[in-house]
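Letter by letter, the chains look like this.
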Amino acid sequence: MTQVDINLSIPSWLYISSSEIPIVLCSLSIYLIIQYISMISLLFAQLNIKLTEANHNEILTLLNNYQIIHECCEKLNKCFGLPLIIFLIHIYVMISVYLFIISDKTDYWLLFALTNTSAQSIILLLVLLYQFNEITQMDKDFKKLIYMKKFKWVHLRKTLIASKMDLFLSKNPRIQFTAFDFVNLDSNLFATMISNILTYYIIFTQFN
């Protein structure tokens, strides 16, 4: 089997210490969050490619690399939760005002301005949710590959490598993105937002 380079280069800026969290919360924009999650997505894609081509001697290193990426995702949940919640509230408030103006049929200049701002925010949200879903899917693919290799390498049963793989699969550290555990950041969030927006619109039209 072809030997592959299994060393992932983890950028130092992906590591955020606890003392830096207040600075991060104050200064990070949604664009930097997108950059952060894009880097994690790239690393995860590299990891899955390496796992596909790896032999049994490289599995433990790849599992360690997975743990690093998993910790980066946990850091994202911990450090970027507040900016994401503020961003979601911002979208809800803008859309609520937007729907009120539509139902009231006044101030069309404000309506035009809100349309532009709302569209930008929704596009950013869609980009974020797409990347979150992509990483979640790659996480599932990684576990599936580990499971397949475990049964493929029958000769490794009752070895340290097999026990490590069993431990990894039994613990099943699932990657899931949330905003302070207040809301799950996945495709269901956008569907929920659409249903809420339609509810708001019905309420506004009934009172006008």
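Residues numbered from 1 in each chain as written. Predicted model: local features only at pLDDT ≥ 70, side-chain atom pairs only at ≥ 80, totals over all residues. Heavy atoms only, no water.

1. Here's the deal with the overall build of the protein
Heads up, the rule is: Under the scheme used here, helices are H or I runs from DSSP no shorter than 4 residues and strands are E runs no shorter than 2 residues, and both carry numbers assigned from the N terminus. The contact criterion used throughout is that any non-hydrogen atoms of two residues lie within 4.5 Å. All accessible-area figures derive from a Shrake-Rupley calculation using a 1.4 Å probe, and residue coverage is judged against the displayed protein chains alone.
Counting its regular elements, the protein contains 7 helices and 0 strands. Each helix (α) and strand (β) of the protein, taken in turn from the N terminus, gives the series α-α-α-α-α-α-α. Long-range pairs, those at least 24 residues apart, make up 83% of the contacts in the protein with a sequence separation of at least 6. Of the accessible surface of the protein, which amounts to about 12,000 Å², a share of 63% is contributed by carbon and sulfur atoms.

2. Details of helix α3 (residues 59-79)
Every α-helix winds through 3.6 residues per turn, so residues three or four apart in the chain are directed the same way. Note the following rule: Multiplying 1.5 Å by the helix residue count minus one yields the expected span of that helix. Each residue is placed in one exposure class: buried if its accessible area under a 1.4 Å probe, protein chains only, is under 20% of its type's maximum, exposed if it is over 50%, and partly exposed if it falls in between.
Between its first and last C-alpha, α3 extends 30 Å over 21 residues, near the 30 Å set by a 1.5 Å rise per residue. Buried residues of α3: Ile59, Leu62, Leu63, Asn65, Tyr66, Ile69, His70, Cys72, Cys73, Leu76, Asn77 and Cys79, and no others.

3. Focus: the pattern of salt bridges
The condition is simple: Criterion for a salt bridge: a side-chain nitrogen of Lys or Arg within 4 Å of a carboxyl oxygen of Asp or Glu.
Inspection of the entire model under this criterion finds 1 salt bridge. The residue lysine 143 makes a salt bridge to aspartate 139 at a minimum N-O spacing of 2.4 Å. Here lysine 143 pairs with aspartate 139, and both are found in helix α5 (residues 108-152), just 4 residues apart, close to one helical turn. Summarising the burial analysis for this pair, lysine 143 and aspartate 139 share the class buried.

4. A word on the nonpolar core
Which entries qualify depends on this criterion: Only buried residues count toward a nonpolar core, which is a set of Ala, Val, Leu, Ile, Met, Phe, Trp, Tyr and Cys residues joined through side-chain atoms within 4.5 Å.
In terms of nonpolar packing, the biggest core is built from 48 residues, with Ile40, Phe44, Leu128, Ile135, Phe142, Phe177 and Leu185 touching the most fellow members. Excluding its chain neighbours within four sequence positions, the residues that come into contact with phenylalanine 177 are Ile37, Cys73, Leu76, Asn77, Phe132, Ile135, Thr136, Val183, Asn184 and Leu185.

5. Thoughts on the layout of surface pockets
Basically, it comes down to this: The way it works is a 1 Å grid over only the protein atoms, where trapped points that fit a 1.4 Å probe form a cavity and open points with protein on both sides within 12 Å along at least five of seven lines form a pocket, and then any residue with an atom within 4 Å of a point lines it. Grid points are joined across faces, edges and corners, and a volume is the space filled by probe spheres set on the points.
When its volume is computed, the largest pocket comes out at roughly 250 Å³. Surrounding the largest pocket, Leu60, Leu63, Asn64, Gln67, Lys164, Leu167, Phe168, Lys171 and Pro173 form its lining. Only α3 and α6 (160-171) provide two or more residues apiece to the lining of the largest pocket.

6. Focus: empty space enclosed by the protein
Any space left empty among the atoms is revealed by the rolling of a water-sized probe across them. Rules: Under this grouping Gly is polar, as are all residues other than the nonpolar Ala, Val, Leu, Ile, Met, Phe, Trp, Tyr, Cys and Pro and the charged Asp, Glu, Lys and Arg.
For the structure shown, the criterion picks out 1 cavity of 30 Å³ or more. Taken as a whole, the largest cavity holds about 30 Å³ of empty space. In terms of lining residues, the largest cavity is bounded by Leu84, Phe87, Leu88, Leu125, Leu128, Leu129, Phe132 and Leu185. Contributions of two or more residues to the lining of the largest cavity are made by α4 (81-104) and α5. Considering every element that reaches the lining of the largest cavity, the biggest residue donor is α5, with 4 residues. Grouping the constituent residues of the lining of the largest cavity by class yields 8 nonpolar, no polar and no charged.

7. Here we look at the UniProt feature "transmembrane region" (unreviewed entry) in the protein
Let me state the cut-off plainly: UniProt positions are given in the numbering used here, feature names are shortened, and annotations may be inferred rather than shown by experiment.
Within this structure's numbering, the places UniProt gives as "transmembrane region" (unreviewed entry) are residues 21-45, 80-102 and 108-130. Between the end C-alpha atoms of residues 80-102 there is a gap of 33 Å, over a span that is 96% helix and 0% strand.

8. What to know about the packing of α3 against α6
Our working rule: In this analysis, axes come from line fits to C-alpha atoms, helices being fitted only over the stretch in contact, and the angle between any two N-to-C directions falls in the range 0 to 180 degrees. Any angle from 65 to 115 degrees is called roughly perpendicular, while one under 35 is roughly parallel, one over 145 is roughly antiparallel, and all others are oblique. By the definition used in this description, the sense in which the near helix is turned from the far one sets the handedness, with an anticlockwise turn below a right angle giving left-handed and a clockwise turn giving right-handed.
Close contact between α3 and α6 brings their axes to 10 Å; oriented N to C, the two are set at 25°. Judged by the angle between their axes, α3 and α6 are roughly parallel. In this structure, α3 meets α6 at a crossing whose hand is left-handed. In this structure, α3 uses Ile59, Leu60, Leu63 and Tyr66 to contact α6, whose residues at the interface are Ile161, Lys164, Met165 and Phe168. Residues that form the contact of α3 with α6 fall into these classes: 7 nonpolar, no polar and 1 charged.

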